[in-house]
Structures are given as C-alpha cells and as structure tokens.
Amino acid sequence: MMNARKIKIILSLLMGFFFLVANSHTIYAADPATSNAWIEFIQPEDAPDILNPETGEPEYQPTEDEGSLTGQTGPLTLDFVSNLEFGIHEVEIAEKVYESKTMTPYIQVSDRRGLGSGWNVTAQASSFSSDGAATLPGAFLTLRDGKTLTNLKDLASPTVNQNIELYTNGEAINIVTANENEGLGSWITRWLPSAEATLNDHATLTIPQAAASPGRHVSTLTWTLTDAPGQ
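Every chain is numbered independently, its residues counted from 1 as its sequence is written. Given that this is a predicted model, residues contribute local features only at a pLDDT of at least 70 and side-chain atom pairs are listed and counted only at 80 or more, while totals for whole chains, interfaces and linings are drawn from all residues. Calculation of side-chain values draws on the structure's entire complement of heavy atoms; hydrogens and water are dropped beforehand.

Student: Quick question: what am I supposed to make of the overall build of the protein chain here?
Tutor: Numbering of helices and strands runs from the N terminus; a helix is a DSSP stretch of H or I covering at least four residues, while a strand is a stretch of E covering at least two. When helices and strands are counted, the protein chain shows one helix and 15 strands. Within the protein chain, buried positions represent 35% of all 231 residues. Contact criterion: two residues are considered in contact whenever any of their non-hydrogen atoms come within 4.5 Å of each other. At a minimum sequence separation of 6, the contacts of the protein chain that also span at least 24 residues come to 75%. Where accessible areas are quoted, they stem from the Shrake-Rupley method and a 1.4 Å probe; at the residue level, only the protein chains shown are allowed to cover. In the form shown here, the protein chain has an accessible surface area of approximately 14900 Å², with 53% of it arising from carbon and sulfur atoms. Summary of the burial criterion: residues with accessible area below 20% of their type's maximum are buried, those above 50% are exposed, and those between are partly exposed, where the area comes from a 1.4 Å probe applied to protein chains only.

See below:
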C-alpha cells in the first residue's frame, strides 16, 4: 500500500497535469462589430378619416345635413363641424329656450404632428339673419356637458369647456383645449342629450323676449383651430 506521502505527490502531479490541459487552449475574442437599425417618419399630408360620433370607429361618412367636412389636409386639421337644427316653431313673445333637433352635434380635430405641443378650438356665432337683414337680437347658443371620443386607447384627452354660451355677434369662445401631450390622434368633441331625452337639452338656443320674428333665421358658426393651447 502507498503511504500518504506518495498519494500526496501523485495528487499534486495530477492537479498540475489538469491545469496544463485546461490552459493549453487560448480563447479567441474578435473585436466587436456594429450595424444599424433605422426608421424615418414624415408628417402626413392627406385628410384624416372621420370618426363615427357615436362609436369612435373610423371611415364614417357624415351627411350634408349633419355638417361640413372641412377638407383640411396635413398634420393638424379641423376635420368636421356640425350644423345645429332647432326646427320650426310659432312666434313667442316671451323669452324661449329651444332644444336642438341635432342629437349628436360634434367637431373633430386630428393632431398627427407627433410633437405633443397641443392645440385649441374656439367658436364664434354671427348675428342671425333672414332675407339679408339681421334678426333675433341678443340670441345665444348654449353647449353643455361636452365629452371627447377617440378610436385610440390610453391617450390623454383634451379638455372641453363645460358651459359654452355663444352670443350671436359676440366674441369667440373657447371650446376645447389640448395641453402638452394631450389630444394626439383624431378626437371628437360632442354634446349628447340627457338619457331618454327626445331633443338635445345640452345644445340649446335662447331667443330673448320680443326678439322672435317670422322667417327662416340663420347664424354662421366659425370654428377656429390654432396650434397652441389657449390661443
């Protein structure tokens, strides 16, 4: 039998052999190489799809009675503005508030700039006129409880003025504002009636006392989109 000293010598020789074998192969590492992945974006120049004001789904085709397609093209556009219809009524001498027959009045703005710099929409109402003469002095439109709608998910929405009073022949009033990083994509601002309402009680026309007169009266609403909040 081998004594302990011989065993120790043999183990030392074996360890040395395995060390030499393990270090006999040099690991080769090449210098790193680089490549690129790239993409480029340009701002769109076409006209956006119109969204369905009820569901937010794209490719909606509004009728001429609903309002006007603006035809604007490019990265920041006001795409659609609604008409407001208040119907036919007998002359009232007392002040009267009329609810709109337009059940889903709305406007649509599309921000496809990719900058998140915000935008703003104002509206101004001209004097009512009939047969070329100014009529219905002191009349004003009210839009209340506006809501926003988009076909996209998890984006910050613009803020709607919740109590809009548009006096005819008056100043422009703020309608909806997208602050920084809000209102990206296409957004509808709409004024829906109360549940179970047969007319739109959130889009009304007030005719002052003794202002009503026979005839068809029309006021032009001018909607203005600017490329900065609060402008």
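Student: I tried to follow the nonpolar core on my own but got confused; where do I start?
Tutor: Soluble globular proteins tend to bury their nonpolar side chains together. Here, nonpolar core means buried Ala, Val, Leu, Ile, Met, Phe, Trp, Tyr and Cys residues that are tied together by side-chain atoms lying within 4.5 Å of each other. Core analysis: the biggest nonpolar cluster contains 29 residues, and Val121, Ile175 and Trp223 have the highest contact counts within it. Sorting the residues of this core by element identifies strand 2 (76-82), strand 4 (106-111), strand 5 (119-125), strand 8 (140-144), strand 11 (163-167), strand 12 (173-178) and strand 14 (200-207) as the ones contributing at least two each. Filtering out sequence-adjacent residues up to four positions away, isoleucine 175 remains in contact with Ile107, Val121, Thr122, Ala123, Thr159, Val160, Asn161, Ile164, Trp191 and Trp223. Residues Ile50, Leu51, Tyr106 and Ile188 belong to the second largest nonpolar core, which totals six residues.

Student: I would appreciate a short explanation of the pattern of salt bridges in the present structure.
Tutor: Should the charged atoms of two oppositely charged side chains come close, the side chains can pair. A pairing counts as a salt bridge when a side-chain nitrogen of Lys or Arg comes within 4 Å of a carboxyl oxygen of Asp or Glu. Tallying each qualifying case throughout the model produces four salt bridges. With its nearest N and O atoms 3.8 Å apart, the salt bridge here joins glutamate 85 to lysine 101. Taken together, the residues span a long stretch of sequence, with glutamate 85 in the loop between strand 2 and strand 3 (96-100) and lysine 101 in the loop between strand 3 and strand 4 at a distance of 16 residues. Under the relative-accessibility criterion, lysine 101 is labelled partly exposed at 46%.

Student: Whenever I open this one, the sheet that holds strand 12 confuses me. Can you help?
Tutor: Read from one edge of the open sheet, four strands run 10-12-5-15, paired in antiparallel fashion. Of all the strands in the sheet, just strand 10 (159-160) and strand 15 (221-226) have a single pairing partner and so form its edges. We treat two strands as partners when DSSP finds at least two bridges between them. By the bridge criterion, six bridges tie strand 5 to strand 15 in an arrangement that is antiparallel. Considered in strand 15, the bridge of glutamine 124 is made with threonine 222.

Student: I'm lost on the pairing of strand 2 in this one. Help?
Tutor: Sheet faces and side chains relate simply in a regular strand, where the side chains alternate between the two faces. Across the seven residues of strand 2, seven count as buried, placing the element largely inside the fold. Counted between consecutive antiparallel strands, the loop separating strand 1 (residues 67-69) from strand 2 contains six residues, among which glycine 71 sits at a positive phi close to 75°. Relative to strand 4, strand 2 runs antiparallel, the two sharing five bridges. Its bridge partner lying in strand 4, leucine 78 is registered against valine 109.

Student: For this particular structure, what's the right way to read the side chain of threonine 189?
Tutor: As for its position among the elements, threonine 189 is in strand 13 (residues 185-190). Setting aside its immediate chain neighbours within four residues, threonine 189 contacts Pro105, Tyr106, Ile107, Lys147, Thr148, Val160 and Val176.

Student: Honestly, the sheet that holds strand 8 in this entry has me stumped. Any pointers?
Tutor: Across a sheet, strands are paired by hydrogen bonds formed along the backbone, either parallel or antiparallel in direction. Taken in spatial order, the four strands of this open sheet run 3-14-8-11, and their pairing is antiparallel. For this open sheet the edge positions go to strand 3 and strand 11, each flanked by a neighbour on one side alone. On average, each strand axis in the sheet is tilted by 25° relative to the strand beside it, whichever way the strands run. Where strand 8 meets strand 11, five bridges bridge the pair, whose relative direction is antiparallel. Its bridge partner being in strand 11, leucine 143 is matched across the sheet by isoleucine 164. Orientation is described by axes fitted as lines to C-alpha atoms, over the contacting stretch for helices, and by angles from 0 to 180 degrees between their N-to-C directions.

By themselves these figures say nothing about function.
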